[in-house]
Amino acid sequence: MEASVVNLQTLIGGLQQYIVPLFQRPYSWEKRDWDTLWKDLLEIATREDYPTHFIGSIVTLQNPTTPGRIPTYLLIDGQQRLTTLFILLALLRDLLMQQERHDIAEDIHDLITNRRKKLDDFYKLLPTQWDRSAFQALINREPFGDDSQIIACYRFYKNQIIVTGK
C-alpha cells in the first residue's frame, strides 16, 4: 500500500471513475457535516496566502483495467467527503451557467464528468445504487425530487451561497 498527498484537482482531473462499493453506506452526511466543510472553505477563501486544506483520507483500490474502458477505482474511504465535493462542484457549475460564465462552468463540468464517455463511464463518481439516480440527475442537470440526502446537500449549499453571498 502506498500513501501520498494529492490535491483535489489531481484526484478528479483525469479520465477515471470512482465507484462506491455496495458494502459502503449510502450518502449520509447531514447539515452539521456540510456546515463544517462550508466554514472550512470560507476560511480558505478569505485568506490571501492560498492555504491548502486537508479534507481527510481518500482510500481507493484500482480495479483491473478492461481494454477500451476508463480506469476505475473502488472508493474504500472518503466517499462522504468526495461525494459532497462533487455535489458542491455541480452546484457551482449550475450557478455559473445561470450567470452566463459558461467557460468556467464547463471547466467544472469537465472535473466532475468524463465528458466524451457514454453510459456509466460518463460519471467520475458512481455512488451506491441508493444514491445513484439523484446524483446522476444533478450531474446531468436534470430535474430531481426531494427524497435524497444528495439533493438536500445541494440545496443546503445553494442556500449558503445565496444567503451569505459567498
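Note: the structure precedes this text.
Note that this is a predicted model, so its numbers are computed, not measured.

1. Some remarks on the nonpolar core
One finds Ile12, Ile150 and Tyr157 to be the most contacted residues of the largest nonpolar core, which totals 40 residues. Among the elements of the structure, helix H1 (8-12), strand S1 (17-19), helix H2 (31-46), helix H3 (79-98), helix H4 (102-112), strand S4 (125-126), helix H5 (129-140) and helix H6 (149-164) are those that each provide at least two residues to this core. Looking at which element gives the most residues to this core, the answer is H3, with ten residues.

2. Some remarks on H2
Over its 16 residues, H2 runs 22 Å from end to end, which matches the ideal 22 Å to within 8%, given 1.5 Å per residue. For H2, the full list of buried residues reads Asp33, Trp34, Asp35, Leu37 and Trp38.

3. A short note on the side chain of Thr113
Within the secondary structure, Thr113 sits in the loop between H4 and S4. For Thr113, a relative accessible area of 2% puts it in the buried group. Excluding its chain neighbours within four sequence positions, the residues that come into contact with Thr113 are Phe122, Lys124 and Ile139.

4. Some details on the packing of H3 against H4
Their axes nearest at 8 Å, the elements H3 and H4 cross at an angle of 155°. Comparing the axis directions of H3 and H4 gives the class roughly antiparallel. The two elements H3 and H4 cross, and the hand of that crossing is left-handed. Contacts between H3 and H4 involve Phe86, Leu89, Ala90, Leu92, Arg93, Leu96 and Met97 on the former and, on the latter, His102, Ile104, Ala105, Glu106, Ile108, His109, Leu111 and Ile112. Residue composition of the contact of H3 with H4, by class: eleven nonpolar, two polar and two charged.

5. A look at the packing of aromatic side chains
By the definition in use, this model includes seven aromatic pairs. Taken together, a centroid distance of 5.2 Å and an interplanar angle of 85° make the contact between Phe122 and Tyr123 edge-to-face. In this structure Tyr123 comes out as buried when scored by relative accessible area, which is 8%.

6. Some details on the layout of surface pockets
Reported here for the second largest pocket is a volume of approximately 170 Å³. Lining of the second largest pocket is provided by Trp130, Asp131, Ser133, Ala134, Ala137, Pro143, Phe144, Gly145, Asp147, Ser148, Gln149 and Ile151. When contributions to the lining of the second largest pocket are tallied by element, the ones reaching two or more residues are H5 and H6. The biggest single contributor to the lining of the second largest pocket is H5, with five residues. Within the lining of the second largest pocket, the residues separate by chemical class into six nonpolar, four polar and two charged.

7. Quick word on the environment of Gln129
Along the chain, Gln129 turns up in helix H5. We classify Gln129 as exposed; its relative accessible area is 53%. With 103 residues separating them along the chain, Gln129 and Pro26 place their C-alpha atoms 8.3 Å apart. Polar side-chain contacts of Gln129 include one of 2.7 Å to the side chain of Arg132.

8. Side note on the packing of H3 against H5
As a packed pair, H3 and H5 sit with axes 9 Å apart at the nearest point and diverge in direction by 30°. Classified by the interaxial angle, the pair formed by H3 and H5 is roughly parallel. By crossing handedness, the relation of H3 to H5 is classed as left-handed. Across the interface between the two elements, Phe86, Ile87, Ala90 and Arg93 from H3 touch Phe135, Leu138 and Ile139 from H5.

9. With respect to unusual backbone geometry
Positive phi, close to 50°, is recorded for Leu119, a residue that is not glycine. Locating Leu119 in the fold gives a position in the loop between H4 and S4. Take Leu119: its relative accessible area is 77%, and that puts it in the exposed class. For Arg141, which is not glycine, the phi torsion reads 60° and is therefore positive.

Reading the values: rules and limits
- Residues numbered from 1 in each chain as written.
- Predicted model: local features only at pLDDT ≥ 70, side-chain atom pairs only at ≥ 80, totals over all residues.
- Heavy atoms only, no water.
- Core = buried A, V, L, I, M, F, W, Y, C linked by side-chain atoms within 4.5 Å.
- Buried < 20%, exposed > 50% of the residue type's maximum accessible area, 1.4 Å probe, protein only.
- Helix = DSSP H or I, 4+ residues; strand = E, 2+ residues; numbered from the N terminus.
- Expected span 1.5 Å × (residues − 1).
- Contact = heavy atoms within 4.5 Å.
- Axes fitted to C-alpha atoms, helices over the stretch in contact; angles between N-to-C directions.
- Parallel < 35°, antiparallel > 145°, perpendicular 65-115°, else oblique.
- Left-handed = near helix turned anticlockwise from the far one by under 90°.
- Nonpolar A, V, L, I, M, F, W, Y, C, P; charged D, E, K, R; others polar.
- Phe/Tyr/Trp six-rings, centres within 6.5 Å; stacked < 30°, edge-to-face > 60°.
- 1 Å grid on protein atoms, 1.4 Å probe; cavity = no way out; pocket = protein on both sides within 12 Å on 5 of 7 lines; lining within 4 Å.
- Points joined across faces, edges and corners; volume = space filled by probe spheres on them.
- Polar contact = N/O pair within 3.5 Å; in protein donor to acceptor, adjacent residues only side chain to side chain.

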